[in-house]
Amino acid sequence: MKKQFQNWAWSQGMKFTTKVHDLTYFFWETTLSCNLKCRHCGSDCDKDKFIEELPKEKVLQVFKNIAENYEPKDIMVAVTGGEPLVRKDLFEILSEVSSMGFPWGMVTNGMLVDEAAVEKCAESGMKTVSVSLDGLREAHNHLRNSELSYDRAVNALRLFLKSGKFDIVEAITCVNSDNINQLEDMYKLLKDIGVQGWRLFTIFPKGRAEVNSELLLNKDLVIRLFNFIKDKRNSNPGMHISYSEEGYLGCNWEREVRDDFFFCGAGINIGSLLADGSYSACPSLPREWIQGHVDEISFSEAWETRYKNMRDRKWMRTKGCESCKQWSNCNGSSLHLWDFKEGKTKVCHYNMLNA
Ligand code: SF4
Ligand code: SF4
């Protein structure tokens, strides 16, 4: 009962957050190019495909516009890809972004991380880094489609930590049926390496993951994963372990597997600049959510006048959500799970867990 009240109070607070829609998190999708071809990749990136990246001047134009209109120190920039480190002018751009006052962090597969890269990250102001680690050697290399990728990822974690120059060095793991039996061993490995955080997420049916559907977890495995996370959160204050923000889970699991109750901030406090110059919220959202382009409108103007379909989500209350009593806590779940073709949320974690 207490938890239900807390969740209700949280959702009331989120109504205010939605109304003021202060930008606090900004993804920069640096490139769609990648040096791996992972089986679970949610994007359409392909290492053989040439994709023109948004030129440096235009990227900086967007950051300058944001810095002029909002408070950069309050906006965390999340640098993603593709693989960010394949972009040649990455550090030139990020040094300027950092000089404007933005804190920034990066997600990397670790393939290109060596001591020189770590030094460049530090020089250009990186605060946090997340290295993808999707299992022990065999499972990780299988998922990442590369025999070198496990060693490179573990090495990257060690190098970032050894430098001592970053606030948070964490691992991020896509849990699937191949690696779920390895979580305990991965935990020991990560403790041994000394990472400060471990974020675990599950695959949702998108991009190449839709084709490799054997990687998706069934209800029993999801519950097993949640019990693992809950147990480790309770017993290990030294490493911050959490489930990603994906999907509303209901009171049995909310705040047990992650810090806060569910809230999808896409377009509310989260915006993005995509690799082609489009504006969106999270890079995992499909093209239907695009809100403008750098050549057409400034980001701040788009943020103030558009993004309306993300801030008022009543239109999403259709089909399975129509009569759901959880609506006020869930609001239709994660935007990235919305299926435009079917006009409904593709996956409801709450229903799956409570079936
Ligand atoms: S769309 Fe998905 S990734 Fe983006 S804020 Fe919502 S839950 Fe998070
Ligand atoms: S049915 Fe819809 S509103 Fe209800 S929990 Fe599932 S996704 Fe959320």
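Residues numbered from 1 in each chain as written. Chains lettered and ligands numbered in written order. Predicted model: local features only at pLDDT ≥ 70, side-chain atom pairs only at ≥ 80, totals over all residues. Heavy atoms only, no water.

Thoughts on the overall build of the protein chain
As a reminder of what qualifies: Elements are defined by DSSP. Helices are runs of H or I of four residues or more, strands are runs of E of two residues or more, and each kind is numbered from the N terminus. The quantity called the radius of gyration is restricted to C-alpha atoms. Its globule counterpart is 2.2 Å times the number of residues to the power 0.38. Buried means the residue's accessible area, taken with a 1.4 Å probe over protein chains only, is under 20% of the maximum for its type, while exposed means over 50%, and partly exposed covers the values in between. Any two residues whose heavy atoms approach within 4.5 Å at even a single point are treated as in contact. Residues counted as positive are Lys and Arg, residues counted as negative are Asp and Glu, and His and the chain ends are not counted. Charged side chains are reduced to one point each, which is NZ for Lys, CZ for Arg, CG for Asp and CD for Glu.
The number of helices and strands found in the protein chain is 13 helices and twelve strands. Relative to the globule expectation of 20 Å for 355 residues, the C-alpha radius of gyration of the protein chain, 20 Å, shows essentially globular dimensions. Here the C-alpha coordinates of the protein chain stretch approximately 55 × 50 × 35 Å along the principal axes. Burial status across the protein chain gives 54% buried among its 355 residues. Pairs at least 24 apart in sequence give 70% of the contacts found in the protein chain among residues at least 6 apart. For the protein chain, the centre of its 46 positive side-chain charges and the centre of its 49 negative side-chain charges are spaced 5 Å apart.

Here's the deal with the pairing of strand 6 (residues 197-202)
Rules: When DSSP finds at least two bridges between two strands, those strands are taken to pair. Every crossover in which the path from the first strand over the helix to the second runs clockwise, viewed with the strands pointing away from the viewer, is termed right-handed.
In terms of strand pairing, strand 5 (residues 168-175) meets strand 6 through six bridges, oriented parallel. By the bridge assignment for strand 6, cysteine 174 is matched with phenylalanine 201. Each parallel crossover has a hand, and for strand 5 linked through helix 7 (residues 183-193) to strand 6 it is right-handed. Of the pairings in the sheet, the one linking strand 6 to strand 7 (residues 240-243) comprises four bridges and is parallel in character. Note on strand 7: the bridge partner recorded for glycine 197 is histidine 240.

Notes on the site of ligand 2
Definition in use: For each residue, the test is whether any non-hydrogen atom lies within 4 Å of the molecule or strand; if one does, the residue is near.
Neighbouring ligand 2 are Tyr248, Gly320, Cys321, Cys324, Gln326, Trp327, Cys330, Ser333, Cys348, Tyr350 and Asn351. Of all the elements in the fold, those that place two or more residues in the shell around ligand 2 are helix 12 (327-330) and helix 13 (349-354).

Here we look at the pattern of salt bridges
To be explicit about the condition: One side-chain nitrogen of Lys or Arg within 4 Å of one carboxyl oxygen of Asp or Glu is enough to make a salt bridge.
One pass over the structure, following the stated rule, counts 20 salt bridges. Glutamate 119 is the partner of lysine 165 in a salt bridge, and the nearest nitrogen-oxygen pair spans 3.1 Å. Highlighted residues: lysine 165 in the loop between helix 6 (149-163) and strand 5 and glutamate 119 in helix 4 (residues 115-123), separated in sequence by 46 residues. What makes glutamate 119 partly exposed here is its relative accessible area of 34%. Here the residues in one salt-bridge network are Glu53, Arg87 and Asp89, joined through shared partners.

Brief notes about the site of ligand 1
Cut-off, in case you're wondering: Residue type decides the class: Asp, Glu, Lys and Arg count as charged, Ala, Val, Leu, Ile, Met, Phe, Trp, Tyr, Cys and Pro as nonpolar, and the leftover types, Gly among them, as polar.
In the region of ligand 1, the neighbouring residues are Glu245, Cys264, Gly265, Ala266, Ile270, Cys282, Leu285, Ser334, Leu335 and His336. Residue composition of the shell around ligand 1, by class: six nonpolar, three polar and one charged.

Description of helix 9 (residues 219-235)
Selection criterion: Take the residue count of a helix, subtract one, and multiply by 1.5 Å to get its expected span. The arc under discussion is defined with respect to the helix axis, by the directions toward the C-beta atoms. Under the rule applied, a polar contact is a pair of N or O atoms within 3.5 Å (in protein, one hydrogen donor and one hydrogen acceptor; residues adjacent in sequence only if both atoms are side-chain atoms).
Helix length check: helix 9 (17 residues) gives 24 Å between terminal C-alpha atoms against 24 Å at 1.5 Å per residue, within 8%. Turning to helix 9, its buried residues number three or more, namely Leu221, Val222, Leu225, Phe226, Phe228, Ile229 and Lys232. Viewed end-on, helix 9 has its buried residues packed into an arc of 155 degrees, placing them on one side of the element. Along helix 9, exposed side chains directed more than 90 degrees from the buried face belong to Asp220 and Asn234. Elements in contact with the buried residues of helix 9: strand 5, helix 7, strand 6, strand 7 and helix 13. Capping of helix 9 at its N-terminal end is provided by asparagine 218; its side-chain oxygen lies 3.2 Å from the backbone amide nitrogen of aspartate 220.

Some points on the confidence of the model for the protein chain
As a reminder, the rule being used: You can read pLDDT as the predictor saying how much it trusts each residue, on a scale of 0 to 100.
Residue-level pLDDT values for the protein chain average 91, and 93% of them are 70 or greater. Under a pLDDT of 50 for its full length, residues 44-48 has, in the predicted model, eleven contacts with residues more than four places off or in other chains.

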